[in-house]
Amino acid sequence: MTDSAMIDQFGRRVEYLRISVTDKCNLRCVYCMPMEGLPWLKREELLSYEEIAQIVGTMTDMGLRRVRITGGEPLVRKDLPDLVSMISKVPEIEDLSLSTNAVLLAEKADALRNAGIQRLNVSLDSLRADRVDSIARRPGSYPKIMEGLDAAAAAGFAPIKINVVLIRGQNEDEIEDFAEITRERPWHVRFIEMMPTGANLDLSANQFISCTEALRRIERIESIEPVQGPFGNGPARYYQFKGAPGTIGVITPMSHNYCDRCNRMRLTADGQLRPCLFGATQTNLRDPLRAGEDLVPHIQETLKIKPERHQLIQGSDLGSGGLIALSQTGG
Ligand code: SAM
Ligand code: SF4
């Protein structure tokens, strides 16, 4: 590692990069992407896999140790295992994971595993096919997601984390069902508080549920114990029913902020390095990279502007920095 380790002005060491490989998606989750989609990036604006690998290489010299591939939906980008192979060959990268909606996972699980993805996070907001249709707004997705999850288990992925965004009136009555499934399957079900973006203001103002409420509902079934949780637990806090193979996690960006422990930055599909999920601060790495410049000063600049905390306000896009959807930054 060079002496340019990634430590910000608040003493937080950055060792984790979330890389968005596309802004496109094959679903239209109500809390994320508008039905009509977004103004998509042009092909030439996207970083190539070689360019992404170059940025990972530079950041590795500065202390990067963990990478997550995300999107939009990363599996809609062609030849994703090629990028996975490039990153997994970097010896310093100790952990390489992927976030996906799993619609295309059945056909790709083996190739991704062979290329070097170690862990998967899968978004699944309901255990009922008709509800997945109304939340993800691409009918017929549920059976494909379940096939994808089975294929992931068969390919040897473990742990498998399931991300559930809480939406009042749409999946709150399934909180108990999701908790119960951790007694049957080795799934780590994580409830996520909905964050406000330009595209979901109505929903986040009127249909927000806190994780405190989710935990209260689960405690009514049977008491749960706080546990360490699976590897790569990030900001989630975990609980478990006695003897269950899986765990129940909560991710609370709205009710309990965890910015003081933030160890990550984000790289958008068009090569903007974002020091925080929200806010307008970002640094263009793509153009200096294409001009053959040294990226280290640009990365150091981004660290300097990493905010102390996000400024999200329930039901308002003030603080989101003009972000329309998390699919634009990788969530
Ligand atoms: N398409 C992939 C997926 O859905 O897993 C990866 C990208 S998605 C933007 C990453 C994560 O962000 C998902 O778990 C999704 O549920 C979550 N997410 C998207 N919009 C959100 C919001 N407004 N509030 C909270 N979580 C959100
Ligand atoms: Fe697509 Fe993921 Fe956003 Fe859903 S949360 S619309 S699957 S990017």
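Heads up: these notes are all about the structure in this document. Just so it is clear, the structure is predicted and the values come from calculations on it, not from any experiment.

### A few points about the overall build of the protein
Step number 1: Scanning the protein from terminus to terminus reveals ten helices and twelve strands.
Step number 2: Each principal axis of the C-alpha atoms in the protein carries an extent, and together these give about 55 × 40 × 40 Å.
Step number 3: Counting every position in the protein, which comprises 331 residues, the buried fraction comes to 58%.
Step number 4: In the protein, once contacts between residues fewer than 6 apart in sequence are set aside, the share between residues at least 24 apart is 74%.
Step number 5: Working note: accessible area of the protein is about 13,700 Å², and carbon and sulfur atoms make up 49% of it.
Step number 6: In the protein, which carries 40 positive and 44 negative side-chain charges, the distance between the mean positions of the two groups comes to 1 Å.

### Topic: the packing of helix H6 (residues 175–184) against helix H8 (residues 211–219)
Step number 1: Interhelical geometry of H6 versus H8 gives an angle of 65° and a closest axis separation of 9 Å. Viewed along their axes, H6 and H8 form a crossing whose handedness is right-handed. Side by side, H6 and H8 meet where Ile175, Glu176 and Ala179 of the first sit next to Ala214, Arg217 and Ile218 of the second.

### A word on the pairing of strand E6 (residues 187–192)
Step number 1: Summarising burial for E6: six of the six residues are buried, a large majority.
Step number 2: Alternating positions in E6 separate into two faces, Trp187, Val189 and Phe191 on one and His188, Arg190 and Ile192 on the other, with burial throughout.
Step number 3: The pairing of strand E5 (residues 160–165) with E6 spans six bridges and is classified as parallel. Bridge pairing in E6 places Val164 opposite Phe191.
Step number 4: Handedness of the crossover is the feature at issue here: the chain leaves E5, passes through H6, returns alongside E6, and the resulting connection is right-handed.

### Some details on the nonpolar core
Step number 1: If you look at the biggest cluster of nonpolar residues, it comprises 101 residues, and the most contacted ones within it are Tyr31, Ile69, Leu80, Ile162 and Phe191.
Step number 2: Sorting elements by how many residues they give to this core places helix H5 (residues 141–154) first, with six residues.
Step number 3: With sequence-adjacent residues up to four places away left out, Ile69 is seen in contact with Ile19, Val21, Pro74, Leu80, Leu83, Val84, Ile87, Leu96, Ser97, Leu98, Ser99 and Ile117.

### Notes on the packing of aromatic side chains
Remark: the centre distance and the inter-plane angle together describe each pair of aromatic rings, the angle taken between the planes.
Step number 1: Throughout the structure, instances matching the rule amount to one aromatic pair.
Step number 2: Ring centres 6.3 Å apart and planes at 85° place the aromatic pair Phe178 and Phe191 in the edge-to-face group. Residue Phe178 is found in helix H6, and its partner Phe191 is found in strand E6; the two are separated by 13 residues along the sequence.
Step number 3: Residue classification places Phe178 among the buried residues on the basis of a relative accessible area of 1%.
Step number 4: Above the plane of the ring of Tyr16 lies Arg66, whose end atom (NZ or CZ) is 4.6 Å from the centre.
Step number 5: Note that Arg183 overlies the ring of Phe241, its terminal NZ or CZ placed 4.0 Å from the centroid.

### With respect to the site of ligand 1
Step number 1: In the region of ligand 1, 19 residues are neighbours, and Tyr31, Gly72, Glu73, Ser123 and Met195 sit closest.
Step number 2: Between an oxygen atom of ligand 1 and a side-chain N or O atom of Asn163, the distance comes to 3.3 Å.
Step number 3: Out of a free accessible area of 550 Å², ligand 1 has 94% covered by protein chains.
Step number 4: Considered class by class, the residues forming the shell around ligand 1 number seven nonpolar, ten polar and two charged.

### A look at the pairing of strand E8 (residues 237–240)
Step number 1: Sheet topology note: the strand E7 (residues 225–227)/E8 ladder contains three bridges and is antiparallel. Pairing of Glu225 across the sheet is with Gln240, part of E8.
Step number 2: Pairing of E8 with strand E9 (residues 247–251), which is carried by three bridges, proceeds in the antiparallel orientation. Residue pairing for E9: Tyr238 is matched across the bridge by Gly249.

### Describing the sheet that holds strand E1 (residues 16–20)
Step number 1: Pairing is mixed across the open sheet formed by twelve strands, whose spatial order is E7-E8-E9-E6-E5-E4-E3-E2-E1-E10-E11-E12. Strands at the two margins of the open sheet, each flanked by one partner only, are E7 and strand E12 (283–284).
Step number 2: As paired elements, E1 and strand E2 (residues 66–70) share five bridges and run parallel to each other. Residue pairing across strands places Tyr16 opposite Arg66, the latter belonging to E2.
Step number 3: Contacts between helix H1 (residues 49–61) and the sheet are confined to E1, strand E10 (264–267) and strand E11 (272–274), with E1 contributing the most and set at about 170° to the helix.
Step number 4: In this fold H8 packs onto E6, E8 and E9, with an angle of close to 155° to the strand it touches most, E9.

### Thoughts on unusual backbone geometry
Step number 1: The omega torsion across Ala158 and Pro159 is 0°, close enough to zero to call that bond cis.
Step number 2: At Ala102, a residue that is not glycine, the phi angle is positive and equals roughly 75°.
Step number 3: For Arg137, which is not glycine, the phi dihedral falls at a positive 55°.
Step number 4: Locating Arg137 in the fold gives a position in the loop between helix H4 (129–136) and H5.

What counts and what doesn't
- Residues numbered from 1 in each chain as written.
- Chains lettered and ligands numbered in written order.
- Predicted model: local features only at pLDDT ≥ 70, side-chain atom pairs only at ≥ 80, totals over all residues.
- Heavy atoms only, no water.
- Helix = DSSP H or I, 4+ residues; strand = E, 2+ residues; numbered from the N terminus.
- Buried < 20%, exposed > 50% of the residue type's maximum accessible area, 1.4 Å probe, protein only.
- Contact = heavy atoms within 4.5 Å.
- Areas by Shrake-Rupley, 256 points an atom, 1.4 Å probe, with all protein chains shown as cover.
- Lys, Arg positive; Asp, Glu negative; His and termini not counted.
- Charge placed at Lys NZ, Arg CZ, Asp CG, Glu CD.
- Axes fitted to C-alpha atoms, helices over the stretch in contact; angles between N-to-C directions.
- Left-handed = near helix turned anticlockwise from the far one by under 90°.
- Pairing = 2+ DSSP bridges.
- Right-handed = clockwise from strand over helix to strand, strands pointing away.
- Core = buried A, V, L, I, M, F, W, Y, C linked by side-chain atoms within 4.5 Å.
- Phe/Tyr/Trp six-rings, centres within 6.5 Å; stacked < 30°, edge-to-face > 60°.
- Lys NZ or Arg CZ within 6 Å of the ring centre and 35° of its normal.
- Near = heavy atom within 4 Å.
- Polar contact = N/O pair within 3.5 Å; in protein donor to acceptor, adjacent residues only side chain to side chain.
- Nonpolar A, V, L, I, M, F, W, Y, C, P; charged D, E, K, R; others polar.

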